[in-house]
Amino acid sequence: MSSLPETAPEDGPVANPVAPVESLPQKPPSEPEKPAPARTPRARKTTQRTPRAATASKTSTTAARSGASGTTAAAKPRAPRAPRAPRGKAAPKTQAPTPEPIPEPKPTALGIRQLYKRFGGTVALDGVSIDVPEGSFFGLVGPNGAGKTTMLSIVSGLLRPDSGQVVVHDVDVWKQPEHAKRLIGVLPDRLRLFDRLTGAQLLYYSGTLRGLDAHTVKTRVNDLVEAFGLEGAVGRLVADYSAGMTKKIALAAALIHSPRVLVLDEPFESVDPVSAANITEILQKYVAAGGTVVLSSHSMDLIQRICDRVAILVSGVVLDSGTADEVRGQKTLEERFVELAGGRKAAEGLEWLHSFSE
Ligand SMILES: Nc1ncnc2c1ncn2[C@@H]1O[C@H](COP(=O)(O)OP(=O)(O)OP(=O)(O)O)[C@@H](O)[C@H]1O
């Protein structure tokens with residue numbers, strides 16, 4: 001049994017290595033100014049002329065120092081000098097702070113542009129646009145009926161939109177469906193599995209359907225069965241699996257061709273906590289290796305814990321999206337969700353429920 005890796009602590013503010021500059025003591029204006037001590041005049045520079053502005057400033061500085069030639073400089077008494085620091089060990093040189101390297105923007109793994117979908121009189125998606133960068137762990141949340149399954153079904157090529165575009169790593173899902181489907185692994189919400197197959201047969205079928213050779217499929221089936229803890233179940237018909245086991249075999253089938261993007265509709269629904277932790281770890285490693293996960297869930301805690309980007313979908317419209325921290329601000333994701341989803345309703349009008357029938 002493996003457990004979730006601990007979340008890395010957030011970076012604290014970077015300490016400024018530059019020491020504060022102390023202000024120099026100012027001479028009171030009433031104090032008479034002392035003439036500057038005589039200094040040996042510097043040798044006149046005979047090198048080529050610098051442009052005018054630079055020459056002017058250099059000349060006045062040189063003249064002021066030497067007290068020679070320049071009339072203005074010669075007429076004016078020297079400005080008082082700041083007292084020198086006592087000689088001795090030189091103060092350690094402070095280094096200018098190294099600017100933080102600006103990370104290159106990651107390419108878009110999944111681009112959803114202006115998706116519209118209606119079912120009869122019901123508008124399920126009303127112009128949804130989302131960009132998911134490569135290597136993201138992206139969480140889609142929304143109340144029941146918000147359009148999450150509709151959106152994920154369109155993204156994975158299972159449902160045709162009325163209008164709009166879905167691009168997976170520059171491949172249009174609806175113009176190049178075969179190519180797009182090689183790039184995507186899908187866990188649909190309403191599982192449509194060939195449940196008259198055993199778990200092992202289902203995985204083998206999924207792998208060969210995706211073009212893997214028999215040897216690769218067999219190796220991967222063994223790995224997935226072990227990773228999902230399905231050793232005792234792979235010989236049985238999928239139709240006889242529990243809800244959680246069905247979820248796990250379907251997720252394993254979605255992974256078998258090592259897709260670049262995983263689209264998972266409620267992957268943790270019905271899954272026990274230990275299996276959920278195992279699945280989370282598998283997905284986190286997949287993302288760390290450069291894969292992209294897009295999942296929907298009603299568990300705000302889980303989304304807040306594992307997703308680095310989030311979108312809140314309400315009534316077919318994206319009300320907020322961005323990094324998880326941007327979306328939730330100072331609140332928890334659940335508080336932000338409740339705020340955007342219209343708040344909670346007081347449990348009124350069900351008094352009859354407390355009367356209990358005989
Ligand atoms: N095949 C369909 N025929 C008719 N209406 C549909 C169909 N599929 C979805 N809808 C409607 O579209 C809207 C969005 O449904 P969808 O299943 O996408 O919501 P959801 O956010 O996934 O909800 P949940 O969280 O309850 O799973 C709902 O009003 C739903 O009734």
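Cut-offs and rules
Residue numbering note: each chain is counted from 1, following its sequence as written. Totals for whole chains, interfaces and linings use every residue, but because this is a predicted model, local features are given only for residues with pLDDT of at least 70 and side-chain atom pairs only at 80 or more, for both listing and counting. Based on all heavy atoms of the structure, the side-chain values leave hydrogens and waters out of the count. UniProt positions are given in the numbering used here, feature names are shortened, and annotations may be inferred rather than shown by experiment. Only protein chains enter the accessibility calculation, which uses a 1.4 Å probe. A residue is then buried if its area is under 20% of the maximum for its type, exposed if over 50%, and partly exposed in between. Secondary structure counts use DSSP, requiring at least four H or I residues in a row for a helix and at least two E residues in a row for a strand, with both numbered from the N terminus. Salt bridge, as used here, is a side-chain nitrogen of Lys or Arg placed within 4 Å of a carboxyl oxygen of Asp or Glu. Neighbouring residues are identified by heavy atoms, a residue being near a molecule or strand if any of them is within 4 Å of it. Between N or O atoms, a polar contact is any pair within 3.5 Å; within protein, one atom must be a potential hydrogen donor and the other a potential acceptor, and residues adjacent in sequence are included only when both atoms are from side chains. The Shrake-Rupley method, run with a 1.4 Å probe sphere, supplies the accessible areas, and residue values consider only the shown protein chains as cover. Residue classes follow a fixed rule: Ala, Val, Leu, Ile, Met, Phe, Trp, Tyr, Cys and Pro count as nonpolar, while Asp, Glu, Lys and Arg count as charged, and any other residue, Gly among them, counts as polar. Nonpolar core, defined: a set of buried Ala, Val, Leu, Ile, Met, Phe, Trp, Tyr and Cys residues in which side-chain atoms within 4.5 Å join the residues together. Patches draw on residues past 30% relative accessible area with no salt bridge. Two like charges within 9 Å are joined, as are two nonpolar side chains (Val, Leu, Ile, Met, Phe, Trp, Tyr) within 5 Å. For two strands to count as paired, DSSP must find a minimum of two bridges between them. Should any heavy atoms of two residues lie within 4.5 Å, those residues are considered in contact. Fitted lines through C-alpha atoms serve as axes, helices being fitted only where they are in contact, and the angles separating the N-to-C directions of these axes extend from 0 to 180 degrees. For Phe, Tyr and Trp, where Trp contributes only its six-membered ring, two rings pair if their centres lie within 6.5 Å, and the inter-plane angle classes them as stacked under 30 degrees, edge-to-face over 60, or tilted in between.

The protein chain has the name ABC transporter domain-containing protein in an unreviewed UniProt entry, where Gryllotalpicola daejeonensis is given as its organism. UniProt lists a comment for the protein chain under the heading Subcellular location (unreviewed entry), and it reads "Cell membrane".

Looking at helix α3 (residues 148-155)
In terms of residue burial, α3 counts as a mostly covered element, since eight of its eight residues are buried. Every buried residue of α3 is accounted for by Lys-148, Thr-149, Thr-150, Met-151, Leu-152, Ser-153, Ile-154 and Val-155. Note on α3: the residue one or two positions beyond its end, Gly-157, has a positive phi of about 80 degrees.

Some words on the pattern of salt bridges
Inspection of every chain in the model, using the stated rule, returns nine salt bridges. Close ionic contact of Glu-269 with Lys-247 constitutes a salt bridge, the shortest N to O distance being 3.4 Å. Placement of the pair is Glu-269 in the loop between β7 (261-265) and α8 (273-288) and Lys-247 in helix α7 (residues 243-255), with a sequence separation of 22 residues. For Glu-269, a relative accessible area of 38% puts it in the partly exposed group. Each member of the salt-bridge network shares a partner with another, and the members are Asp-320, Lys-331, Arg-336 and Glu-339.

Focus on the site of the ligand
Close contacts around the ligand come from 14 residues, with Asn-144, Gly-145, Lys-148, Thr-149 and Thr-150 the closest. Contact between the ligand and Gly-145: an oxygen atom at 2.8 Å from a main-chain N or O atom of the residue. Between the ligand and Lys-148, the relevant distance is 2.7 Å, taken from an oxygen atom to a side-chain nitrogen or oxygen of the residue. For the ligand, whose accessible area on its own is 620 Å², the fraction buried by protein is 64%. Among the elements of the structure, β2 (122-133) and α3 are those that each provide at least two residues to the shell around the ligand. Among the elements that make up the shell around the ligand, the one with the highest residue count is α3 (three residues). Per-class residue counts for the shell around the ligand are four nonpolar, seven polar and three charged.

Notes on the nonpolar core
By size, the foremost hydrophobic cluster in this structure holds 48 residues, and its most contacted members are Val-293 and Leu-295. Considering every element that reaches this core, the biggest residue donor is α7, with eight residues. Membership of the second largest hydrophobic core comes to 28 residues, among which are Leu-110, Leu-115, Met-151 and Val-173.

Points about a nonpolar patch on the surface
Judged by side-chain polarity, Phe-194, Tyr-205 and Leu-209 come together as a nonpolar surface patch covering roughly 330 Å² of accessible area. Tracing the backbone through its elements, the reader meets Phe-194 in the loop between β6 (184-187) and α5 (199-209). For Phe-194, a relative accessible area of 48% gives the class partly exposed.

Side note on the sheet that holds β2
Hydrogen bonds between backbone atoms are what pair the strands of a sheet, whose relative direction is either parallel or antiparallel. What the four strands build is an open sheet, ordered β2-β1-β4-β5; its pairing is antiparallel. On the outer flanks of this sheet lie β2 and β5 (171-172), each paired with one strand and no other. The pairing of strand β4 (residues 163-168) with β5 spans two bridges and is classified as antiparallel. Looking at the pairing, Val-167 lines up with Asp-172 of β5. Contacts from α3 reach β1 (108-119), β2 and β4 within the one sheet, and its direction differs from that of β1 by about 120 degrees.

Points about the pairing of β6
Burial along β6 is two-sided: Ile-184 and Val-186 and Gly-185 and Leu-187, pointing in opposite directions, are all buried. In the sheet, β6 pairs with β7 via four bridges, with the strands oriented parallel. By the bridge assignment for β7, Val-186 is matched with Val-263.

Quick word on the side chain of Ser-296
Here Ser-296 shows up in strand β8 (residues 292-296). Judged by relative accessible area, which is 0%, Ser-296 ranks as buried.

Comments concerning the packing of aromatic side chains
Within the structure shown, the criterion is met by one aromatic pair. Ring geometry for Phe-194 versus Tyr-205: centroids 5.2 Å apart, planes at 80 degrees, classification edge-to-face. Pair noted here: Phe-194 is in the loop between β6 and α5 and Tyr-205 is in helix α5, with a separation of eleven residues, a long-range link. Taking relative accessible area as the criterion, Tyr-205 reaches 34% and is therefore assigned partly exposed.

Some words on the pairing of β1
Taken together, the nine bridges between β1 and β2 define a ladder with antiparallel strand orientation. If you follow Gly-111 over to β2, its bridge partner there is Asp-131. In this structure, the hairpin formed by β1 and β2 is closed by a connection of two residues, where Gly-120 is found at a positive phi of approximately 60 degrees.

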